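# Observations on chain architecture
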Amino acid sequence: MLIPIGQDAGLTSVSLGVLRTMEQKGVRVSFFKPIAQPRQGQNQFDLTTKIIEANTAMQVAEPLSMNYAENLICNDQNDVLMEEIIARFKEATADAEVALIEGLTPTRNHPFANQVNFEIAKTLDAEIVFVAAPGNDNPAQLKERIEVAVSNFGGSKNSNISGLIINKLNAPVDDHGRTRPDLSDIFDDAANEKANLEVMEIFNSSPIRVLGCVPWSIELIATRAADIASHLKAEIINEGELNTRRIRAVTFCARSIPNMVEHFRPGSLLVTSADRPDVIVAACLAAMNGLEIGALLLTGGYEIPEQIKTLCAPAFESGLPVFTTQGNTWQTSLNLQSFSLEVPADDKERIESVNDHVAAHIDGNWIESLSEGSNRERRLSPPAFRYQLTDLARKAAKRVVLPEGDEPRTVKAASICAERKIAECVLLGNPEAIKRVAEQQGVTLGAGVQIIDPEAVREQYVARLVELRKNKGMTEVVAREQLEDTVVLGTMMLENNEVDGLVSGAVHTTANTIRPPLQLIKTAPSASLVSSVFFMLLPDQVLVYGDCAINPDPNAEQLAEIAIQSADSAKAFGIDPRVAMISYSTGTSGQGADVEKVREATKIAQEKRPDLVIDGPLQYDAAIMENVAKSKAPDSPVAGKATVFVFPDLNTGNTTYKAVQRSADLVSIGPMLQGMRKPVNDLSRGALVDDIVYTVALTAIQAKQADDAKA
């Protein structure tokens with residue numbers, strides 16, 4: 001049970017981060033908020049519960065309303081309150097190994113919070129973990145405040161007290177210790193330089209164990225432009241990318257243009273009076289030059305002249321959000337001060353950032369200890385899969401070349417990979433162009449990202465390319481022409497062992513990405529073909545789909561090879577492979593050439609790899625649904641619990657993966673290529689930055705596995 005010490009501990013963020021850590025460790029966890037605590041005057045609304053319900057498949061029980069709980073407390077019916085809490089607790093935690101309970105925050109309106117928290121913890125026999133934010137306390141004051149709070153819960157005599165999580169370390173705070181500084185302080189990172197608080201030293205002489213220490217990050221309050229527009233009740237002039245652009249700075253444009261330009265930064269909310277066409281035009285010029293301004297906020301209620309709108313049309317088309325308010329700039333600044341920095345329940349991207357940031361600072365050993373002794377077969381959940389990807393990639397320590405080096409998503413992904421130490425990324429492209437793209441996005445390319453100018457290195461690969469393709473009539477002239485293609489150049493670097501893998505496809509087609517490696521790298525000695533898999537991140541587990549990208553109509557031998565490659569890939573990434581060979585018929589119920597091909601492929605795969613669990617033909621519903629499996633394939637070792645789905649042809653596989661992905665709004669990672677001598681992976685041209693990051697991680701892990709196979 002997480003119990004906050006003070007009003008500004010950031011309890012929701014800590015709850016989400018602890019839940020994420022448990023999911024990453026493969027723990028089956030549930031969440032329970034016994035009593036909803038009002039937010040901004042609402043009685044039923046509970047932020048943590050709402051976020052979990054909106055963004056996960058986790059089992060959650062509705063909390064009791066605060067009014068109902070207060071009535072019971074006032075009428076001396078605490079026993080009735082606890083009985084109802086136990087009933088809801090059992091409902092929420094029936095299938096879980098560990099339940100996370102979120103306590104109440106003591107406030108002026110709810111002074112009884114800690115008494116109720118103590119009663120709930122005793123009633124449910126819960127381990128207690130306190131959550132505190134330093135605020136304005138110095139180390140000694142923080143230690144004293146925490147020890148007083150612990151003593152109110154029985155102190156050292158209470159064996160259920162497990163420890164403490166410190167949140168918002170080094171956060172900018174106001175005079176009352178709240179993480180709510182003035183607007184300039186919230187958004188101006190230069191205004192809040194604070195020395196690191198050596199928290200661990202505070203508790204060297206204290207019996208309470210620190211289970212996590214979460215530093216404050218400005219990225220966690222980077223809100224969507226749409227949220228600010230909604231808060232201000234603004235009129236939208238140009239929607240653009242209103243729902244996706246994030247505000248990381250607020251600049252009031254009250255000076256002349258020469259004194260303002262330096263404040264036009266990526267993620268800035270530029271606030272100016274609508275009768276300042278000079279500022280509007282300057283901001284639009286910056287946007288047209290690739291600077292990703294967060295939004296343009298116009299005050300005063302003036303109309304933008306049509307000539308200015310026409311002049312600024314290209315900037316509007318680039319995605320620049322523009323909205324206007326009736327109040328003047330001073331009134332608007334006051335309204336911005338009251339904007340809530342809490343993460344909205346529908347902001348999935350920001351919620352993911354909060355989850356991962358907090359989870360990265362929670363003691364993993366403590367989390368693992370919570371489920372010790374459980375014998376349950378664990379499914380690899382999406383958070384556990386993503387965590388495992390980045391962890392394995394960090395350990396692999398590989399170099400991955402990105403031929404589309406000046407593509408904005410690729411630049412941002414390379415920066416993230418370097419920051420998280422997922423891989424060292426090599427960007428191919430004009431260094432000045434790459435640096436300009438990075439600057440426009442507010443991205444720093446430091447250690448862990450290498451930029452290579454193709455013009456400077458192309459010539460050194462000509463002779464080797466001629467040698468590799470001489471049987472195909474390759475000449476030096478043709479080789480130079482082909483090396484103009486950065487994918488070919490990157491492939492030559494991979495062939496020459498200068499990098500460990502290649503990722504492309506954000507701009508190039510699949511054929512453009514795969515053809516050079518097939519010609520120059522070729523297949524692995526043990527592989528007869530190259531195939532692909534997608535990792536499908538369902539709400540509660542990760543499935544493998546193959547082949548959905550490469551082979552149009554494999555024969556039975558090839559289909560068996562795809563099944564074996566897909567099973568090995570699943571195993572390599574922590575998924576227990578139970579392979580379903582998919583068809584329109586289950587078992588012997590149907591006939592036809594397509595069914596016979598699947599039946600023959602199943603037999604070949606089983607004979608080649610008796611160590612794998614493979615069955616087919618199976619219809620999709622029989623492979624994934626236990627109730628259908630019982631009637632259609634009761635004796636199958638795979639039906640109803642398949643983790644690897646092998647489709648009979650590209651038409652079926654590609655259609656199914658896209659239908660599942662789009663209909664269920666799932667994340668899919670891939671395609672990951674299998675069977676290459678060295679790892680090369682293709683991206684969708686609609687790939688998001690995270691897609692590129694995880695594909696780089698996959699590639700790094702594949703490179704390590706290839707090294708291990710040679711050893």
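What counts as what
- Residues numbered from 1 in each chain as written.
- Predicted model: local features only at pLDDT ≥ 70, side-chain atom pairs only at ≥ 80, totals over all residues.
- Heavy atoms only, no water.
- Helix = DSSP H or I, 4+ residues; strand = E, 2+ residues; numbered from the N terminus.
- Rg over C-alpha atoms; globule rule 2.2 N^0.38 Å.
- Contact = heavy atoms within 4.5 Å.
- Areas by Shrake-Rupley, 256 points an atom, 1.4 Å probe, with all protein chains shown as cover.
- Lys, Arg positive; Asp, Glu negative; His and termini not counted.
- Charge placed at Lys NZ, Arg CZ, Asp CG, Glu CD.
- Axes fitted to C-alpha atoms, helices over the stretch in contact; angles between N-to-C directions.
- Parallel < 35°, antiparallel > 145°, perpendicular 65-115°, else oblique.
- Left-handed = near helix turned anticlockwise from the far one by under 90°.
- Nonpolar A, V, L, I, M, F, W, Y, C, P; charged D, E, K, R; others polar.
- Expected span 1.5 Å × (residues − 1).
- Buried < 20%, exposed > 50% of the residue type's maximum accessible area, 1.4 Å probe, protein only.
- Salt bridge = Lys/Arg side-chain N within 4 Å of Asp/Glu carboxyl O.
- Core = buried A, V, L, I, M, F, W, Y, C linked by side-chain atoms within 4.5 Å.
- UniProt positions renumbered as here; feature names shortened; annotations may be inferred.
- Pairing = 2+ DSSP bridges.
- Phe/Tyr/Trp six-rings, centres within 6.5 Å; stacked < 30°, edge-to-face > 60°.
- Lys NZ or Arg CZ within 6 Å of the ring centre and 35° of its normal.
- Right-handed = clockwise from strand over helix to strand, strands pointing away.
- Domains from an automatic or database assignment.
- Buried area = accessible area lost by both parts, 1.4 Å probe.
- Polar contact = N/O pair within 3.5 Å; in protein donor to acceptor, adjacent residues only side chain to side chain.

This part covers the overall build of the protein chain. Looking only at helices and strands, one finds 29 helices and 24 strands in the protein chain. Scaling as 2.2 N^0.38, a compact globule of 711 residues should have a C-alpha radius of gyration of about 27 Å, and the protein chain matches this with 29 Å. Overall, the protein chain is about 85 × 70 × 50 Å in size when its C-alpha atoms are taken along their principal axes. For the protein chain, the share of sequence-separated contacts (at least 6 apart) that also reach a separation of at least 24 residues comes to 74%. For the protein chain, the accessible area works out to roughly 31600 Å², and carbon and sulfur atoms hold 48% of it. Taking the average place of the 68 positive charges on the side chains of the protein chain and the average place of its 93 negative ones, the gap between the two points comes to 3 Å.

Structurally, the position occupied by Ser30 is in strand β2 (residues 29–32). Every residue in contact with Ser30, bar those within four places of it in the chain, is listed here: Leu19, Met58, Gln59, Ala92, Thr93, Ala96, Val98, Ala99 and Leu100.

A few words on the packing of helix α16 (residues 382–396) against helix α29 (residues 689–710). With their axes 8 Å apart at the nearest point, α16 and α29 run at an angle of 50° to one another. The angle between α16 and α29 places the two elements in the oblique class. You can see that α16 and α29 cross each other, and the crossing is left-handed. Two secondary-structure elements touch here, α16 through Arg386, Leu389, Thr390, Leu392, Ala393 and Ala396 and α29 through Tyr694, Ala697, Leu698, Ala700, Ile701 and Lys704. Partitioning the contact of α16 with α29 into residue classes produces nine nonpolar, one polar and two charged.

What follows concerns helix α14 (residues 348–359). In this model, α14 (twelve residues) spans 16 Å end to end at C-alpha, consistent with the 16 Å of a helix rising 1.5 Å per residue. For α14, the full list of buried residues reads Arg350, Ile351, Val354, Asn355, His357, Val358 and Ala359. Those residues of α14 that are buried lie in contact with α1 (11–24), α2 (47–55), β6 (210–215), β7 (223–224) and β9 (246–247).

On to the pattern of salt bridges. By the definition in use, this model includes 38 salt bridges. Notably, a salt bridge pairs Asp278 with Arg276, separated by 3.0 Å at the nearest N-O pair. With a closest N to O distance of 3.0 Å, Asp576 and Arg578 form a salt bridge. Note on Asp576: relative accessible area 48%, which makes it partly exposed. Residue class for Arg578 comes out buried when judged on its relative accessible area of 14%. One continuous salt-bridge network, built from bridges that share partners, spans Arg224, Asp227, Arg246, Asp346, Asp347 and Glu349.

Within the largest apolar cluster, 63 residues are counted, with the highest numbers of intra-cluster contacts made by Phe385, Leu389, Phe535, Met581 and Val696. No other element matches α29, which puts nine residues into this core. When neighbours within four sequence positions are excluded, Phe385 is seen to be in contact with Leu380, Phe535, Leu537, Val542, Phe573, Ile575 and Ile669. Core analysis: the second largest hydrophobic core is formed by 36 residues, Ile3, Ala61, Ile161 and Ile208 among them.

Here the focus is the UniProt feature "domain: DRTGG" (unreviewed entry) in the protein chain. UniProt's feature table lists "domain: DRTGG" (unreviewed entry) at residues 227–338, given in the numbering used throughout. Across residues 227–338, helical content stands at 38% and strand content at 21%; the span's end C-alpha atoms are separated by 13 Å.

Taking strand neighbours across the sheet as the criterion, the four strands line up as β1-β4-β5-β6 in an open arrangement whose pairing is parallel. Across the chains shown, the open sheet's two edge strands, defined by having one partner strand only, are β1 (2–5) and β6. Each adjacent strand pair in this sheet contributes to an overall mean axis angle of 20°, direction not counted. Sheet topology places strand β5 (residues 161–169) next to β6; four bridges connect them, and they run parallel. Residue Ile166 lies in a different strand from β6, and its bridge partner there is Cys213.

A word on the packing of aromatic side chains. Summed over the entire model, instances satisfying the criterion amount to ten aromatic pairs. For the pair Phe118 and Phe153, a centre-to-centre distance of 5.2 Å together with 55° between the ring planes defines the contact as tilted. Taken together, the residues Phe118 in helix α5 (residues 113–123) and Phe153 in the loop between α6 (139–151) and β5 connect sequence positions 35 residues apart. Look at Tyr545 and Phe647: their rings are 5.2 Å apart centre to centre, the planes differ by 80°, and that puts the pair in the edge-to-face class. With a gap of 102 residues between them, Tyr545 in strand β19 (residues 542–546) and Phe647 in the loop between β22 (644–646) and α28 (650–663) connect regions that are remote in the sequence. Pairwise contacts between aromatic rings join Tyr545, Tyr620, Phe645 and Phe647 into one cluster. The ring of Phe118 carries Lys122 above its face, with NZ or CZ at 4.8 Å from the centroid.

The next thing to look at is the pairing of β5. The buried count for β5 comes to eight of nine residues, which makes it a mostly enclosed element. Inspection of the sheet shows strand β4 (residues 128–132) paired to β5 by five bridges, in the parallel sense. Residue pairing in the sheet places Ile128 in a bridge with Ile161 of β5. What joins β4 to β5 is α6, and the crossover it makes is right-handed.

Glancing now at the domain arrangement of the protein chain. Examined at the domain level, the protein chain breaks down into domain 1 (2–219 + 347–372), domain 2 (223–338), domain 3 (379–501 + 508–521) and domain 4 (523–675). Of note, the centres of domain 2 and domain 3, computed from C-alpha atoms alone, are 37 Å apart. Taken residue by residue, the interface counts five residues in domain 2 and four residues in domain 3. Three residues stand out in domain 2 for area buried against domain 3, namely Pro266, Gly290 and Glu292, and they jointly supply 74% of the buried area on that side. Here domain 2 is connected to domain 3 by zero salt bridges. There are two residue pairs in polar contact (both at pLDDT 80 or more) connecting domain 2 and domain 3.

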